[in-house]
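# A look at the structure
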There are 2 protein chains.
Amino acid sequence: MTDMNVEILDSTLRDGAQGEGISFSVQDKIHICQALDDIGVTYIEAGNPGSNPKDMEFFQEMKKVPLKHSKLCAFGSTRRKDIKCPEDANLQSLLAAGTEWVVIFGKSWTFQVTDIIKTTLSENLAMIRDTCAYLCANGRNVIYDAEHFFTGYLNDSEYAMKTLEAAVEGGAKVLSLCETKGGCMIKDCEKIVSAVSKQFAGRATVGIHTHNDSGLAVANSLVAVEAGARHVQGVFLGFGERTGNANLSCIIPDLQLKMGYPCIAEEKMAELTPIAKRIAEIANIALNPQLPYVGSCAFSHKAGMHIDAVLKNPSAYEHVSPEAVGNARVFLMSEVAGRATVIEKLQKIDPSIEKTSPVVAEIMAKIKQLEFEGYQFEGADGSFELLARKMIGRYQPFFKLHYYQTNGVNPRPEEGVCACAQIKLEVDGQIEVTAGEGDGPVNALDIALRKALCRFYPAVSQIKLIDYKVRVLEGTSGTDSCVRVLIESTDGNRTWTTVGVSSDIMEASWLALCDSFEYKLIKDIEKHLLRN
Amino acid sequence: MTDMNVEILDSTLRDGAQGEGISFSVQDKIHICQALDDIGVTYIEAGNPGSNPKDMEFFQEMKKVPLKHSKLCAFGSTRRKDIKCPEDANLQSLLAAGTEWVVIFGKSWTFQVTDIIKTTLSENLAMIRDTCAYLCANGRNVIYDAEHFFTGYLNDSEYAMKTLEAAVEGGAKVLSLCETKGGCMIKDCEKIVSAVSKQFAGRATVGIHTHNDSGLAVANSLVAVEAGARHVQGVFLGFGERTGNANLSCIIPDLQLKMGYPCIAEEKMAELTPIAKRIAEIANIALNPQLPYVGSCAFSHKAGMHIDAVLKNPSAYEHVSPEAVGNARVFLMSEVAGRATVIEKLQKIDPSIEKTSPVVAEIMAKIKQLEFEGYQFEGADGSFELLARKMIGRYQPFFKLHYYQTNGVNPRPEEGVCACAQIKLEVDGQIEVTAGEGDGPVNALDIALRKALCRFYPAVSQIKLIDYKVRVLEGTSGTDSCVRVLIESTDGNRTWTTVGVSSDIMEASWLALCDSFEYKLIKDIEKHLLRN
């Protein structure tokens with residue numbers, strides 16, 4: 001430990017759980033703790049046992065789960081006004097959680113004391129002091145969260161400082177300054193953290209806890225460290241109440257790779273992206289592709305000029321190497337992308353392909369023609385691979401369509417189904433005729449095709465469609481214009497996107513659907529071949 | 001204009017279009033220009049006419065579209081090495097775009113000069129100087145984008161400064177410092193902008209252009225302004241290559257509401273959220289709910305304690321008032337959100353309606369319920385008016401549907417038509433049964449409905465559908481999820497948009513189609529009544 005080391009407290013399971021649409025089961029919380037422990041954050045703030053019986057159950061379960069690197073923290077409030085700590089039920093729950101470290105929040109802003117919790121300024125100081133002292137006397141290490149510290153300091157700096165003194169008198173080891181409203185500008189943040197760091201030098205570690213309401217959560221965390229903070233609180237993926245908490249998957253590499261403040265073990269840096277994906281999966285949210293360092297677009301290049309430059313030297317358009325944070329460089333297919341992108345992708349299918357192979361020029365020409373017709377392969381990796389395989393000669397059709405027919409009706413019949421589809425297809429000379437009912441003709445066609453193929457390829461049942469997008473293409477008009485359909489699918493392990501274009505919305509959907517099913521089957525065969 | 005005023009350049013249509021999944025038609029680009037002009041950004045950087053024939057077509061179209069507030073800019077590169085400006089095809093395209101303002105980018109980083117474009121340092125300076133001078137001589141105002149300026153300055157500050165001198169010698173009015181890799185830390189950004197501002201004081205306006213690869217695009221833009229920049233480039237919703245460009249919907253209120261730097265007209269601040277929604281809808285992307293200021297979660301409160309406090313005093317947990325940026329506090333939505341806008345629209349239909357009329361509350365409640373189901377009236381003026389008329393009692397249905405039925409088939413029959421629709425409807429007791437064939441079921445249904453109605457309402461034949469958009473709604477999955485269809489129609493004089501939502505894509509299209517036809521008929525009757 002040098003005086004440059006920065007402690008990281010992850011609050012995915014506490015403040016992060018305040019985000020819209022976020023809800024964790026006890027098992028989810030245990031899995032996220034294990035992920036955070038794997039990457040080695042210093043503290044995991046995992047819940048409020050006093051306010052939430054589910055959190056209490058979680059802390060009991062965690063007594064059986066050993067952590068290798070991180071310290072588990074329970075979170076709670078200072079004692080209520082005008083009572084003693086042993087009488088406070090929340091504090092008893094906090095002790096019952098049995099964690100060595102606890103986080104306690106209290107008020108720093110006089111307005112919050114007098115108008116929101118409606119007590120006196122001196123009682124508020126006593127609440128802070130007593131609570132810290134009580135928890136220390138019970139063998140706990142205390143992190144003190146000074147809620148609304150920045151607003152409080154700007155209104156009455158003297159009182160705000162007194163609340164911190166009370167926490168230190170009570171024995172708090174960390175003073176975490178909370179920028180609760182997310183409205184603090186950079187200069188104010190720097191000035192205030194600097195003043196606190198000076199006043200408490202040698203007596204407590206100063207921490208920072210920010211929100212993103214002004215788009216500055218990361219920036220304020222970084223300037224706070226430069227101003228003396230050595231403890232940073234946030235949420236690994238940046239979700240949380242309103243616009244979210246400080247995004248740790250960005251702050252950790254900023255501090256460690258760019259500014260020279262070590263946060264986690266050096267060899268763990270390359271785990272950042274895998275851990276981000278793991279947490280997103282457990283939280284059941286889509287990982288924002290634009291997230292710095294760990295998002296799927298963080299190292300993606302679309303402009304042909306940028307791609308050429310990156311191939312000459314990655315530092316031309318990359319601020320760090322994607323490998324340093326466990327991510328990967330991606331070249332997007334698009335009208336502006338060049339030959340280099342295509343070659344790189346083709347070599348993954350067939351390593352014998354070279355820059356000068358005639359098939360490269362043929363595929364480039366085909367892509368150009370299809371893009372002119374309205375295809376877009378940038379987001380449609382699945383369809384691109386199928387196209388490339390067809391042209392390289394590494395493709396066998398899985399079935400032959402004889403016909404399909406769809407019917408929709410409005411109003412819905414009594415039974416409530418408004419569409420059906422019939423399909424006739426052939427696999428190895430065997431004919432299958434079947435039908436499906438659904439909510440609208442595309443859904444009915446999906447169901448019918450799935451049913452028909454399942455007889456021959458049971459793996460098709462693993463495919464789940466996760467997104468379906470339609471857009472009308474340029475230079476056309478109204479409902480008889482050309483449409484592009486993008487379908488995103490998953491089989492639980494892999495996610496892929498396919499595309500179809502037609503003047504008929506049904507046919508465009510059909511093309512994207514077929515590509516999706518065929519892509520899955522090709523990947524399964526490939527995996528099987530690799531194993532043998 | 002005081003020396004605190006900051007110019008805003010929006011690059012949604014140029015750098016923003018480099019974002020994954022972003023693709024604009026010429027019509028989309030025109031609509032986004034109109035939205036940006038409505039809010040009044042100083043410049044709209046709208047495309048690269050030299051690199052892209054679609055962009056050239058757009059600039060030709062824009063000659064017919066007057067802008068009230070913003071200046072349209074075409075974007076391009078300095079001349080290629082070792083040729084003269086008049087010989088450079090890209091520069092000729094740039095001039096042909098016919099914009100008064102142009103943005104030119106050039107190299108500031110010696111590595112990019114010698115290793116990527118492979119020329120000499122002095123030829124690079126000449127390229128910058130010549131290009132600016134040539135454009136000025138052709139009557140253009142030049143904004144110079146110094147690509148990789150920060151990396152260049154940190155490597156060789158003297159040469160980086162020389163490139164800016166070359167631009168000013170050539171006549172550039174704005175020197176926009178581009179943080180192209182998004183890797184610059186706050187202190188470096190501040191130091192470099194400050195040095196440039198000092199050197200060019202009184203000779204050029206200094207600008208800043210940042211990317212979010214380190215999570216600092218907003219922060220670096222703000223510190224640049226504090227260091228002397230008075231021109232900020234970004235993308236309204238923050239999308240763009242890799243992790244995105246600086247998010248203007250956050251920077252504008254940070255600068256204007258928090259830091260005292262005016263960017264747009266004061267009365268336009270409350271348009272920030274509606275414009276953000278409008279741009280997202282045109283770009284066919286989901287507006288990130290966590291976006292500062294304009295996201296749907298920006299002022300949402302989940303914790304009961306926070307809600308109680310906010311009810312006592314909103315400033316307890318809100319850094320600015322949501323109304324200041326046209327957004328709404330989520331738990332108070334039905335009471336305050338858009339009420340004034342709604343009243344204004346209602347009074348256009350029925351001037352006797354007052355703020356206190358009970359129908360206002362009823363309509364607000366209905367909108368809230370429909371928005372919960374996935375409707376969105378922000379961009380669907382036609383459907384909003386029909387809904388309001390239905391609730392006010394100023395609506396008579398034009399027809400009654402008995403049923404419709406659609407059929408689609410693949411492969412197409414010999415005659416080439418792949419879908420047909422039958423329809424039975426009733427007008428004033430008279431039944432019409434007819435059918436239409438079309439390219440896909442939606443098109444067939446449109447044709448059949450039109451045919452059936454024309455007998456009773458010949459004006460229907462004037463309606464032309466100009467856009468048809470479908471999107472899957474959040475929180476649902478695959479082809480059986482809920483979809484929202486937006487249809488834009490025109491009769492040659494007026495343009496209107498209508499919306500339909502259903503789990504069945506056909507029904508959603510039907511709802512939007514009916515609204516479109518009814519809206520046209522209502523407006524015709526109204527015109528007729530006003531004339532008599």
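Below, the structure is looked at part by part. Quick caveat, the model's predicted, so the values are computed rather than measured. Counting starts from 1 at the beginning of each chain's written sequence and moves along it residue by residue. Here every chain gets a letter starting at A, and every ligand a number starting at 1, in the order they are written. Residue-level local features of this predicted model are given only where pLDDT is at least 70; pairs of side-chain atoms are given and counted only at 80 or more, and the full residue set underlies all totals for whole chains, interfaces and linings. Hydrogens and waters are ignored; side-chain quantities use all the structure's heavy atoms.

## Topic: the overall build of chain A
When you go through chain A residue by residue, the secondary structure sums to 17 helices and 16 strands. C-alpha extents for chain A along the principal axes are approximately 85 × 65 × 50 Å. Relative to its 532 residues, chain A shows a buried fraction of 60%. Computed with the Shrake-Rupley method and a 1.4 Å probe, the accessible areas treat only the protein chains shown as cover for residues. Carbon together with sulfur atoms contributes 50% to the accessible area of chain A, which is approximately 20,100 Å² in total. Numbering goes from the N terminus for both helices and strands, where a helix is a DSSP run of H or I of at least four residues and a strand is a run of E of at least two. Each residue is assigned to one of three classes by its accessible area relative to the maximum for its type, calculated with a 1.4 Å probe on protein chains only: buried under 20%, partly exposed between the two thresholds, exposed over 50%.

## Notes on helix H2 (residues 53-62) of chain A
All names here are of chain A. Those residues of H2 that fall on the buried side of the exposure criterion are Asp-55, Met-56, Phe-58, Phe-59 and Met-62. Buried residues along H2 cover an arc of 160° about the axis, so they all sit on one side. Contacts: residue pairs with any heavy atoms within 4.5 Å of one another. The inward-facing, buried residues of H2 abut helix H1 (26-39), strand E3 (71-77) and helix H3 (89-96). Taken from the helix axis, the directions to the C-beta atoms give the arc we talk about.

## A few points about the environment of A:Thr78
Tracing the backbone through its elements, the reader meets A:Thr78 in the loop between E3 and H3. Between the C-alpha atom of A:Thr78 and that of A:Ile186, which follows or precedes it by 108 residues, the distance is 29 Å.

## Section: the packing of aromatic side chains
For this analysis, a ring pair means two rings from Phe, Tyr or Trp (six-membered ring only for Trp) whose centres lie within 6.5 Å, classed as stacked if their planes differ by under 30 degrees, edge-to-face if by over 60, and tilted for the remaining angles. One pass over the full model with this rule turns up 20 aromatic pairs over all chains. For the pair B:Phe75 and B:Phe105, a centre-to-centre distance of 5.4 Å together with 10° between the ring planes defines the contact as stacked. Of this pair, B:Phe75 sits in strand E3 (residues 71-77) while B:Phe105 sits in strand E4 (residues 101-107), placing them 30 residues apart in sequence. Look at B:Phe75 and you get buried, because its relative accessible area is 5%. You can call B:Phe105 buried: its relative accessible area is 11%. Each residue in the set A:Phe149, A:Phe150 and A:Tyr153 is aromatic and connected to the rest through ring pairs, giving one cluster. Working rule: Lys NZ or Arg CZ, within 6 Å of ring centre, within 35 degrees of ring normal, means a charge sits over the ring. Taking the ring centre of B:Phe75 as reference, the NZ or CZ of B:Arg14 above it sits at 3.6 Å. The lysine or arginine in question, B:Lys390, covers the ring of B:Tyr395, its NZ or CZ lying 5.1 Å from the ring centre.

## Some remarks on the sheet that holds strand E15 (residues 483-490) of chain A
If you trace the 6 strands from one edge of the open sheet to the other, you get E16(A)-E15(A)-E14(A)-E12(B)-E13(B)-E14(B), paired in antiparallel fashion. Looking at strand neighbours, the two that pair on one side only are strand E16 (495-502) of chain A together with strand E14 (495-502) of chain B, the edges of this open sheet. In this sheet, adjacent strand axes meet at a mean angle of 15° when their direction is disregarded. Between any two strands, at least two bridges found by DSSP are needed for them to pair. Direction of pairing for E15(A) relative to E16(A): antiparallel, over a ladder of 8 bridges. Every axis corresponds to a line fitted to the C-alpha atoms, with the helix fit spanning only the stretch in contact, and the corresponding angles, defined between N-to-C directions, vary from 0 to 180 degrees.

## Quick word on the environment of B:Asn124
All names here are of chain B. As for its placement among the helices and strands, Asn-124 is situated in helix H5 (residues 121-137). With relative accessibility at 1%, the residue Asn-124 sits in the buried group. Along the chain, Asn-124 and Lys-107 lie 17 residues apart, while their C-alpha atoms are 7.2 Å from each other. Excluding residues that lie within four positions of it along the chain, Asn-124 makes contacts with Lys-107, Val-113, Ile-117, Thr-119, Tyr-159 and Thr-163. A polar atom in the side chain of Asn-124 sits 3.0 Å from the backbone oxygen of Lys-107. The definition of a polar contact used here is a pair of N or O atoms within 3.5 Å, where within protein one atom must be able to donate a hydrogen and the other to accept one, and adjacent residues in sequence count solely through side-chain atom pairs.

## Quick word on helix H11 (residues 272-283) of chain A
Residue and element names in this part refer to chain A. Here H11 contains 12 residues, and its C-alpha end-to-end distance of 16 Å stays within 8% of the 16 Å for a straight helix at 1.5 Å per residue. Every buried residue of H11 is accounted for by Leu-272, Thr-273, Ile-275, Ala-276, Ile-279, Ala-280, Ile-282 and Ala-283. Buried residues in H11 make contact with H1 and helix H10 (248-258). By this rule, a helix spans an expected 1.5 Å times one less than how many residues it contains.

## Considering the environment of A:Thr495
Residues and elements named next belong to chain A. Mapped onto the elements of the fold, Thr-495 is located in strand E16. Put simply, Thr-495 and Leu-465 are 30 residues apart on the chain and 9.6 Å apart in space, counted from C-alpha to C-alpha. Setting aside chain neighbours within four positions, we find Thr-495 in contact with Asp-381, Ile-466, Glu-488, Ser-489 and Thr-490.

## A look at the packing of helix H13 (residues 339-349) of chain A against helix H14 (residues 358-373) of chain A
Residues and elements named next belong to chain A. Contact geometry of H13 with H14 gives a least axis separation of 10 Å together with a crossing angle of 115°. Crossing geometry of H13 relative to H14 is assigned as right-handed. From H13, Arg-339, Val-342, Ile-343 and Leu-346 reach across to H14, where they touch Val-360, Ala-361, Ile-363, Met-364 and Ile-367. When residue character is reported, Ala, Val, Leu, Ile, Met, Phe, Trp, Tyr, Cys and Pro are called nonpolar, Asp, Glu, Lys and Arg charged, and the others, Gly included, polar. Here the residues of the contact of H13 with H14 are counted per class, giving 8 nonpolar, no polar and 1 charged. Left-handed describes a crossing whose near helix is turned anticlockwise from the far helix through less than a right angle; right-handed describes the clockwise counterpart.

## Brief notes about the side chain of B:Thr406
In this fold, B:Thr406 is placed in strand E9 (residues 400-410). For B:Thr406, the contacting residues outside a window of four places in its chain are A:Thr406, A:Asn407, A:Gly408, B:Cys420, B:Ala421, B:Pro441, B:Leu445 and B:Met506.

## Some details on the pattern of salt bridges
Think of a salt bridge as a Lys or Arg side-chain nitrogen and an Asp or Glu carboxyl oxygen that are within 4 Å of each other. Under the defined criterion, the tally for this structure stands at 56 salt bridges over all chains. Between A:Lys520 and A:Asp524 there is a salt bridge; the shortest N-O distance is 3.0 Å. Taken together, the residues span about one helical turn, with A:Lys520 and A:Asp524 both in helix H17 (residues 505-531) at a distance of 4 residues. Salt-bridge contacts for B:Asp188 lead to B:Lys191; the nearest nitrogen and oxygen are separated by 4.0 Å. Of this pair, B:Asp188 and B:Lys191 both sit in helix H8 (residues 186-200), 3 residues apart, which is roughly one turn of that helix. A relative accessible area of 47% means that B:Lys191 is categorised as partly exposed. Through salt bridges that share partners, A:Glu385, A:Arg389, A:Lys523 and A:Glu526 make up one connected network.

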